[in-house]
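Chain by chain, the residues run as shown.
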Amino acid sequence: MTLSLQFLSLLLMIASGILVGAIIEGTRFVTESFSKRSFVYKYRVGLEIIIWISLGLGTFYLLYEVRDGIWRIYDPLAQIVGILLYEQLFQPVFRLTGRIFLSLIVKPIWFIIRLFITIIRKIIQLIVIIVLFITKPFQYVYKKTIHLALQKKPNFRYNKKYTKN
C-alpha cells in the first residue's frame, strides 16, 4: 500500500466522519421536528440506532472499496476527527441546509400525505353514511322481525286439568 493511498484513505475517513456527524444531527433534527404523538417521534431512538448501524456498515464498505477492508488504528481516530470537525466548522452550514430542506421538501410532502389521508377518511365516512341511510328501512324491519322471533311464546294449555304447572 502506497503512502498516497494511505493519505487518501485518511482523508476519506475524515470526510466520512464529517458526513456521519451531519447525518446523525440531521436525523435528530428531523425527528425532533415531528409532533410528540407521531410515529417517528415515538421511535426516534430505534431509528437512530438503525442509522448508526447503517453508517457503520457504510464506513466498512468504504474501507472495503478503498483498501479491501483492511482496518487500521487511525481509521476510527480519523472518523472521530471528522465528527469533531463537523461539530466545530460545518455544523452551522448543515443546520441551515437542514432547515431549508425541512421547510421546502419534508413539510410539503408531509402536508400532501396528511391531506391525502384526510380525503380518503372523509370519502370512507361518506360511504358509511350513505350505506347506513340506504339500509335504515331494512334495519327497522330486521329489528322488528328479530323482536317477534325472540319473543316468548304464550303457553297454551288446552286441558288445564291434565297439564303440570
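From a predicted model like this one, the values you see are computed outputs, not experimental measurements.

J.: Explanation requested: the nonpolar core in the structure shown.
T.: Ranked by size, the top nonpolar core spans 7 residues in total: Met13, Ile14, Ile18, Ala22, Leu63, Ala78 and Tyr86. Among the secondary structure elements, those contributing two or more residues to this core are helix H1 (3-33) and helix H4 (74-150). The element contributing the most residues to this core is H1, with 4 residues. Setting aside anything within four residues of it in sequence, one finds Ala78 in contact with Leu10, Met13 and Ile14.

J.: Teacher, can you tell me more about the pattern of salt bridges here?
T.: Pairs may arise between side chains of opposite charge once their charged atoms sit close together. Taken as a whole and assessed by the stated rule, the structure comprises 3 salt bridges. A salt bridge links Arg44 to Glu32; its shortest N-O distance comes to 3.4 Å. Remark: Glu32 occurs in helix H1 and Arg44 occurs in helix H3 (residues 44-67); sequence separation between them is 12 residues. With relative accessibility at 28%, the residue Arg44 sits in the partly exposed group.

J.: Can you walk me through the packing of aromatic side chains in this structure?
T.: For any pair of aromatic rings, geometry is given as the distance between the ring centres together with the angle between the planes. For the coordinates displayed, the defined rule picks out 2 aromatic pairs. Each ring, one from Phe39 and one from Tyr43, has its centre 4.9 Å from the other, and the planes form 50°; the classification is tilted. For Phe39, a relative accessible area of 63% translates into the label exposed. Both rings, one in Tyr86 and one in Phe94, keep their centres 5.3 Å apart while their planes meet at 65°; by these two values the pair is edge-to-face. Given the relative accessible area of 1%, Tyr86 is considered buried.

J.: It is not clear to me how the side chain of Thr31 should be interpreted in this structure. Could you clarify?
T.: Relative to the elements of secondary structure, Thr31 occurs in helix H1. Here Thr27 takes part through its backbone oxygen, which lies 2.9 Å from a polar atom of the side chain of Thr31. There is a polar contact of 3.1 Å between the side chain of Thr31 and the backbone oxygen of Arg28. Apart from residues no more than four positions distant in its own chain, Thr31 is found in contact with Val40, Tyr41, Arg44 and Leu47.

Rules of the game
In this numbering scheme, every chain counts its residues from 1 along its sequence in written order. Only residues with pLDDT of at least 70 are given local features in this predicted model, and only at 80 or more are side-chain atom pairs given and counted; all residues enter the totals for whole chains, interfaces and linings. The basis for the side-chain values is all heavy atoms of the structure; hydrogens and waters are excluded. Residues grouped as a nonpolar core are buried Ala, Val, Leu, Ile, Met, Phe, Trp, Tyr and Cys residues, joined through side-chain atoms within 4.5 Å. Exposed residues in this analysis have more than 50% of their type's maximum accessible area, buried residues have under 20%, and partly exposed residues fall in between, with area computed by a 1.4 Å probe over protein chains only. A helix here means a DSSP run of H or I that spans at least four residues, while a strand means a run of E at least two residues long, and both kinds are numbered starting from the N terminus. Contact definition: two residues touch when any of their heavy atoms are within 4.5 Å. Put simply, a salt bridge is a Lys or Arg side-chain nitrogen that is within 4 Å of an Asp or Glu carboxyl oxygen. We call Phe, Tyr and Trp rings a pair once their centres come within 6.5 Å, taking the six-membered ring for Trp, and we label the pair stacked below 30 degrees between planes, edge-to-face above 60, and tilted otherwise. Pairs of N or O atoms within 3.5 Å make up the polar contacts considered here, provided that, within protein, one atom can donate a hydrogen while the other can accept it, and that residues adjacent in sequence are counted only when both atoms are side-chain atoms.

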